[in-house]
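Architecture at a glance
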Amino acid sequence: MRRYGRNADEDDIRVRPNRKGNRPRTSIRPKHEDAADGMVLTVDRGRLTCLVEDRTVFAMKARELGRKAAVVGDRVSLVGDLSGKKDTLARVVRIGERASVLRRTADDDDPYERVVVANADQLAIVTALADPEPRPRLIDRCLVAAFDGGLEPLLVLTKSDLAPAEKLLEMYGALDIPYVVTSRDELYDGHAADRVRGQLAGRTTAFVGHSGVGKTTLVNALVPEERRRSTGIVNAVTGRGRHTTTSALALPLAEVDGWVIDTPGVRSFGLNHVDPSRVIKAFPELEAGTDGCPRACGHDEKDCALDEWVAQGHADPARLYSLRRLLSTRERREGD
């Protein structure tokens, strides 16, 4: 063992470096009072593209946000280089409170909930009437997610030249959901976009749909300057489409003061996160009759008070049937 005499100096003493750094730890975080406001347009492998005033800015999430993640549609605060020039990078230091959220899980038994879009006013559910065949169970699940997240639903039915829309629309008549019916020719000549655009004025609308239904084709028609993604084709053997949108993307509709958010094509829409008490808020005339329901009622039970409420004439029986059908879809898969 080495011993030091009285004349030892600092060069004789070995000091172990502080591996965690020499800066003192503190719980005080900077306030970033000079941060600029922005909106998240897309997220790709942790890098965010944000709209700040009239320019797009690339950014990363600040470390102080921890596990909190920003998604498309989020209102955020940014600091750093906000010029938007090539090879510049800003930091997102705050994520604003969300007015609405579109959430899904990978499957019904998956506990991990993922926010797909934030702050959208409307959910446009795009489905083809044929090629591929419509999937009412998937539509039901999207409706549940819309009602649960605070978005108003819109049905967009494509390829009406291959099959009539009346039968599918009849299933949702009691829900009084607005809808637009289009044909394949209208998707390409701009007429479909014109009719859909009327439903998007002054709103932020997220588009969801099964692959191959014409969702991205419609979005490209609504925002013709955005042609960087190729449209999909349907596999003639499986009836399934090829995914053409790999991440959600917000696009401006300047002529009607709105926004379109294109999302990746979905083949499943898990609802593990959904609480029946939130879904029923989309049925105010039924929600008023739940006072007599047993605790944690799923509204499809023997003692559910809604049966008596409807029998007394306070609500349309078709509305109760629609509510229960939507809630029951949480326990069923889309192909059931």
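All residue numbers refer to position in the chain's written sequence, counted from 1. A pLDDT threshold of at least 70 governs which residues receive local features in this predicted model, and a stricter bar of 80 or more applies before side-chain atom pairs are shown or counted, although totals over entire chains, interfaces and linings include all residues. Values reported for side chains reflect all heavy atoms of the structure, with hydrogen atoms and water molecules removed beforehand.

Here's the deal with the overall build of the protein chain
Our working rule: Comment: elements are numbered from the N terminus, with helices defined as DSSP H or I runs of at least four residues and strands as E runs of at least two. The rule is simple: take the accessible area with a 1.4 Å probe, protein chains only, and divide by the maximum for that residue type; under 20% is buried, over 50% is exposed, in between is partly exposed. In this analysis, two residues are considered to be in contact whenever any of their non-hydrogen atoms come within 4.5 Å of each other. The accessible surface values rely on the Shrake-Rupley method and a 1.4 Å probe; as for residues, cover is taken only from the protein chains in view.
When helices and strands are tallied, the protein chain shows nine helices and 13 strands. Expressed as a percentage of its 336 residues, the buried residues of the protein chain come to 47%. Residue pairs at least 24 apart in sequence account for 65% of intrachain contacts in the protein chain once pairs closer than 6 positions are excluded. Taken as a whole, the protein chain presents about 19200 Å² of accessible surface, with 47% of it coming from carbon and sulfur.

Focus on the pattern of salt bridges
Oppositely charged side chains can form a pair if their charged atoms are brought close together. For clarity, the threshold we go by: Any carboxyl oxygen of Asp or Glu that lies within 4 Å of a side-chain nitrogen of Lys or Arg is treated as forming a salt bridge with it.
By the definition in use, this model includes 17 salt bridges. Note that arginine 203 and glutamate 152 form a salt bridge whose closest N and O atoms lie 2.9 Å from each other. Here arginine 203 is found in the loop between helix H4 (191-197) and strand E11 (204-209), whereas its partner glutamate 152 is found in strand E9 (residues 152-158), with 51 residues between them in sequence. One salt bridge connects aspartate 307 with arginine 324, and the closest N-O pair in it is separated by 3.0 Å.

A few points about the pairing of strand E8 (residues 122-128)
Where we set the bar: Pairing between strands is defined by DSSP: at least two bridges between the two strands are required. Here a crossover is taken to be right-handed if, once the strands point away from the viewer, the path from the first strand over the helix to the second is traced clockwise.
Of all seven residues in E8, seven are buried, a share of seventy percent or more. Of the strand pairs in this sheet, E8 and E9 are connected by seven bridges, and their pairing is parallel. Bridged to valine 126 within E9 is valine 156. Taken together, E8, helix H1 (residues 136-149) and E9 form a β-α-β motif whose crossover is right-handed.

Looking at the side chain of glutamate 186
Spelled out, the test is: Nitrogen and oxygen atoms within 3.5 Å of one another constitute a polar contact, given that in protein one can donate a hydrogen and the other can accept it, and given that sequence-neighbouring residues count only through two side-chain atoms.
Within the secondary structure layout, glutamate 186 lies in helix H3 (residues 184-189). Of note is the side chain of glutamate 186, whose polar atom sits 2.9 Å from the side chain of arginine 195.

Re the nonpolar core
Worth spelling out the cut-off: For our purposes a nonpolar core is just a set of buried Ala, Val, Leu, Ile, Met, Phe, Trp, Tyr and Cys residues, chained together by side-chain atoms within 4.5 Å.
Of all hydrophobic cores here, the largest spans 54 residues; its most connected members are Leu102, Leu123, Ile125, Leu143, Leu286 and Leu323. Those residues in contact with leucine 102 that sit more than four places away from it in its chain are Arg114, Val115, Val116, Val117, Leu123, Ala145, Leu151, Val208 and Phe269. In this structure, Val156, Val180, Leu222 and Leu251 belong to the second largest nonpolar core, which totals 23 residues.

Comments concerning the packing of H1 against helix H9 (residues 317-328)
To describe two helices that pack against each other, one gives the angle between their axes and the distance between the axes. Filter applied, for reference: The axes used here are C-alpha line fits, helices contributing only the stretch in contact, and every angle between their N-to-C directions lies in the interval 0 to 180 degrees. An angle below 35 degrees is treated as roughly parallel, one above 145 as roughly antiparallel, one from 65 to 115 as roughly perpendicular, and anything else as oblique.
Running from N to C, H1 and H9 point in directions that differ by 100 degrees, and their axes come no closer than 9 Å. Compared by their axis directions, H1 and H9 come out roughly perpendicular. Between H1 and H9, the contacting residues are Arg137, Asp140, Leu143, Val144 and Phe147 on the first element and Arg325, Leu326 and Ser328 on the second.

What about the confidence of the model for the protein chain?
Caution applies to low-pLDDT parts of the model: their predicted coordinates are not meant to be read in detail. Threshold: As a per-residue measure, pLDDT reflects the predictor's confidence and takes values from 0 up to 100.
Looking at the protein chain as a whole, its pLDDT mean stands at 83, while 80% of the residues score no less than 70. Considering each helix and strand of the protein chain separately, the mean pLDDT is smallest for helix H6 (residues 276-279), with a value of 80, and largest for strand E4 (residues 75-80), with 97. A low-confidence stretch, residues 226-244 stays under pLDDT 50, and its non-local contacts, those more than four residues away or across chains, total 42 contacts.

A few points about the packing of aromatic side chains
Formally: Working definition: a ring pair exists when centres of Phe, Tyr or Trp rings (six-membered ring for Trp) sit within 6.5 Å. Plane angles under 30 degrees give stacked, over 60 give edge-to-face, the rest tilted.
For the structure on display, the rule yields one aromatic pair. Ring plane angle 70 degrees and centroid distance 5.8 Å describe the contact between phenylalanine 147 and phenylalanine 283, whose orientation is recorded as edge-to-face. Linking phenylalanine 147 in helix H1 with phenylalanine 283 in the loop between H6 and helix H7 (284-287), this pair joins segments that are 136 residues apart in sequence. Across the pair, exposure class does not vary: phenylalanine 147 and phenylalanine 283 are buried alike.

Thoughts on the pairing of E4
Sheet topology places strand E1 (residues 36-44) next to E4; four bridges connect them, and they run antiparallel. Across the sheet, alanine 36 pairs through a bridge with leucine 78, a residue of E4. As paired strands, E4 and strand E5 (residues 90-95) are joined by five bridges and run antiparallel to one another. Along E5, the bridge assignment pairs valine 76 with isoleucine 95.

Observations regarding unusual backbone geometry
The residue after aspartate 131, namely proline 132, is reached through a cis peptide bond having omega 5 degrees. Relative to the assigned elements, proline 132 resides in the loop between E8 and H1. Unusually for a residue other than glycine, asparagine 119 sits at a positive phi of about 65 degrees. Note that asparagine 119 resides in the loop between strand E7 (113-118) and E8. Using a relative accessible area of 10% as the deciding quantity, one classes asparagine 119 as buried.

Remarks on H9
Stated formally: For a helix, the expected span equals 1.5 Å multiplied by the number of residues minus one.
With twelve residues, H9 ought to run about 16 Å at 1.5 Å a step, and its terminal C-alpha atoms sit 16 Å apart, in line with that. Along H9, the residues that are buried comprise Arg319, Leu320, Ser322, Leu323, Arg324, Arg325, Leu326 and Leu327. Tucked into the core, H9 has its buried residues touching H1, helix H2 (166-171), H6, H7 and helix H8 (306-311). The N-capping residue of H9, defined by a side-chain oxygen 2.9 Å from the backbone nitrogen of alanine 318, is aspartate 316.

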